[in-house]
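So the chains spell out like this:
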Amino acid sequence: MPHSSSILRNASLVNGEQVDVRFDGSRISHIAPASPPSAISRGELDLQGYLLLPALAEPHAHLDKTLTLSPDVPFQSGKGLEGAISSWHRARHHMTEANIYERAKSASMKLLHHGTTAIRTHVDVHRDDDPLRAVRALIHLRNDLRDVMNLQLVLLAHWDTSEEIFKEAVRLGVDLIGGAPHMAPDPVRHTERLMKIAETFNVGTDFHTDEHLDRESTIQHFIRLAYRSSTEVVRHTASHASRLSTVSSFERQRIIESAAAKNLGFIALPQTNLYLQGGNQRIGTPRGIAPINDLLHQGSAVAAGGDNQRDAFNPMGRFDPLEIASLVVTASHVEVKAALALVSSRARHVMGLAEAPSDRNWLLVKQGQQADLLAIKAKSIDQAVGESPMDRYTFHKGQLVARSHLRVEFLFRGR
Ligand SMILES: [Zn+2]
């Protein structure tokens, strides 16, 4: 069971204020200037030296594939996305429901202790006589973790996935319809079909969109078919959007504006796209990352995620969204504060879990918010993202659900 800790003392906010924070159930009921130093009472947590932030979020994972990198499921260097897919397809029939559950749980626990209380994972439809075993494994995991995090499932359908499979997946409890229209023989028809299915089941969509650098773009069909929901909640999301990084600036702006008119969400995935795209282009190697600064400038709903971690698609990844924020700064030239928001409150917004803050201050913890928080031992956002300190407390709905402390000892003379 999670620990209760309803009063936080001496925490620093991103605006420099030092405060005491009180929870009332799952919400932040009170934030006040830190009271004068005194003994910390039972049930209170002293956060002197800690920065209090919105909890981290992982808006695009593949928990069913994660931690499978092995001689049986190798990464095929230089063969890009297609090489990774063929490697995965050859080996995935070995994956049982129990095996998928255990790996997904291991990755989720790492994300949780790093401060992540919301994960959106895509989940494969297997091409054999048990196509939905990964869906069942992850729904089992969602039930087991329901007290500590929000777990959303996106059905990663093939272009020929049957109606019966969609129906059964929704009945089992997947939250969104997904797919990769750019991989289908007819991307327009596939996009139309997926959108129609999502409409039938009244669920949102999150597509792997144009995860390539030079083929025909498909995103305009997605934008055309997307509808804007009556609220600010993001209903449809384009993950990857790698192709947007290589179209002309005129074309890019036209697409970004039309996507913003539909409140389409974007999820940039720097680690996997840096690895999968451009490997065969040794001069002027492209990066393949959605143009985050342009999307931010437009006011789009945009987030960043880890995507594949330690599997045939990407051999690296520490299951720490701060690693992704750091990559966003380095590879996409995004300002540090904005990069952190992409893996926390902006990610929650794209996931439909929170509205955009009216003051656009994405990182300031405020009264009335759901108490999903990360307290991290850092003096500034620069330090939090740059050093990724391991001293952290994670709160979900007002409950302390994970804590970690790093112990360092120097064992030499003359220090
Ligand atoms: Zn993906």
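Computed from a predicted model, the values in this text were never measured in an experiment. (Residues numbered from 1 in each chain as written. Predicted model: local features only at pLDDT ≥ 70, side-chain atom pairs only at ≥ 80, totals over all residues.)

To continue, consider the overall build of the chain. Along the chain, the regular secondary structure elements total 13 helices and 17 strands. For the chain, the C-alpha atoms occupy an extent of roughly 70 × 50 × 45 Å along the three principal directions. Relative to its 415 residues, the chain shows a buried fraction of 52%. In the chain, once contacts between residues fewer than 6 apart in sequence are set aside, the share between residues at least 24 apart is 74%. (Helix = DSSP H or I, 4+ residues; strand = E, 2+ residues; numbered from the N terminus. Buried ≥ 20, exposed ≤ 12 C-beta atoms within 10 Å, placed from the backbone. Contact = placed C-beta atoms within 7 Å.)

A word on the domain arrangement of the chain. Here the chain is partitioned into domain 1 (3-55 + 363-404) and domain 2 (56-350). Within the residue set of the side of domain 1 that touches domain 2, elements represented by two or more residues are β6 (50-54), β15 (373-377), α13 (381-387), β16 (392-396) and β17 (399-404). Broken down by element, the residue count for the side of domain 1 that touches domain 2 peaks at five residues, all from α13. Grouping the constituent residues of the side of domain 1 that touches domain 2 by class yields 11 nonpolar, five polar and three charged. (Domains from an automatic or database assignment. Nonpolar A, V, L, I, M, F, W, Y, C, P; charged D, E, K, R; others polar.)

This part is about the nonpolar core. If you look at the biggest cluster of nonpolar residues, it comprises 122 residues, and the most contacted ones within it are Leu-52, Leu-155, Phe-266 and Leu-342. If we ignore the near neighbours within four places in the chain, the residues touching Leu-342 are Val-302, Ala-303, Ala-304, Ala-325, Val-328 and Ala-347. (Core = buried A, V, L, I, M, F, W, Y, C linked by C-beta atoms within 7 Å.)

Here we come to the sheet that holds strand β11 (residues 204-209). The parallel open sheet is built from eight strands, whose spatial order is β7-β8-β9-β10-β11-β12-β13-β14. Strands with a single pairing partner mark the edges of an open sheet, and in this sheet they are β7 (56-61) and β14 (301-304). Recorded for the sheet is a direction-independent mean angle of 20 degrees between the axes of neighbouring strands. Here helix α3 (residues 133-144) sits on the sheet in contact with β8 (116-124) and β9 (150-157), set at roughly 170 degrees to β9. Packed onto the sheet, helix α5 (residues 187-200) meets β9, β10 (176-179) and β11 and runs at close to 170 degrees relative to β10. (Pairing = 2+ DSSP bridges. Axes fitted to C-alpha atoms, helices over the stretch in contact; angles between N-to-C directions.)

This paragraph deals with helix α4 (residues 163-172). Those residues of α4 that fall on the buried side of the exposure criterion are Phe-166, Ala-169 and Val-170. Within α4, the buried residues cover an arc of 95 degrees as seen down the axis, which keeps them to one side. Opposite the buried face of α4, by more than 90 degrees, sit the exposed residues Glu-164 and Arg-171. Along its buried surface, α4 packs onto α3, β9 and α5. Positioned one or two residues after α4, Gly-173 has a phi angle of 130 degrees, which is positive. (Arc of directions from axis to C-beta.)

Here Leu-153 is to be found in strand β9. In this structure Leu-153 comes out as buried when scored by C-beta crowding, with 25 C-beta atoms within 10 Å. For Leu-153 and Ile-139, which are 14 residues apart along the polypeptide, the C-alpha to C-alpha distance reads 8.0 Å. In this view, Leu-153 contacts Thr-121, Val-123, Val-135, Leu-138, Ile-139, Val-174 and Asp-175; residues no more than four positions away in its chain are not counted.

The subject of this paragraph is the packing of helix α2 (residues 97-113) against α3. Each pair of packed helices gets described by two things: the angle between the helix axes and the distance between those axes. Direction vectors running N to C along α2 and α3 enclose 45 degrees, while the axes themselves pass 9 Å from each other. With respect to their mutual orientation, α2 and α3 come out oblique. Crossing angle aside, the handedness with which α2 passes α3 is right-handed. Touching Glu-97, Ile-100, Tyr-101, Ala-104, Lys-105 and Ser-108 of α2 are Arg-133, Ala-134, Arg-136, Ala-137, Leu-138, His-140 and Leu-141, all from α3. Its residues assigned to classes, the contact of α2 with α3 comprises seven nonpolar, two polar and four charged. (Parallel < 35°, antiparallel > 145°, perpendicular 65-115°, else oblique. Left-handed = near helix turned anticlockwise from the far one by under 90°.)

For the rest of this paragraph, the subject is helix α10 (residues 321-332). With 12 residues, α10 should cover 16 Å at 1.5 Å per step; its first-to-last C-alpha distance of 16 Å lies within 8% of that length. Most of α10 sits inside the fold, with nine of its 12 residues counted as buried. Within the span of α10, buried status applies to Pro-321, Leu-322, Glu-323, Ile-324, Ala-325, Ser-326, Leu-327, Val-328 and Ser-332. Taken from the residues just after α10, His-333 is the one with a positive phi, measuring 60 degrees. (Expected span 1.5 Å × (residues − 1).)

Below, the discussion takes up the pairing of strand β3 (residues 18-24). With burial as the criterion, only one face of β3 is covered, namely that bearing Val-19, Val-21 and Phe-23; the residues Gln-18, Asp-20, Arg-22 and Asp-24 on the opposite face remain uncovered. Here four bridges tie strand β2 (residues 7-12) to β3, and the two strands are oriented antiparallel to one another. The partner of Ala-11 across the bridge, within β3, is Val-19. Taking the residues that link successive antiparallel strands as the turn, the β2-β3 hairpin has five residues, and the phi of Gly-16 there is positive, at about 90 degrees. Looking at chain direction, β3 and strand β4 (residues 27-33) are connected through six bridges and run antiparallel. Counterpart to Val-19 in the pairing with β4 is Pro-33. The antiparallel pairing of β3 with β4 creates a hairpin that spans two residues between the two strands, and Gly-25 there sits at a positive phi of about 65 degrees.

In terms of burial, β6 is largely enclosed, as five of its five residues are buried. Bridge analysis of β6 against β15 gives five bridges, and the strand direction is antiparallel. Pairing of Leu-51 across the sheet is with Ile-376, part of β15.

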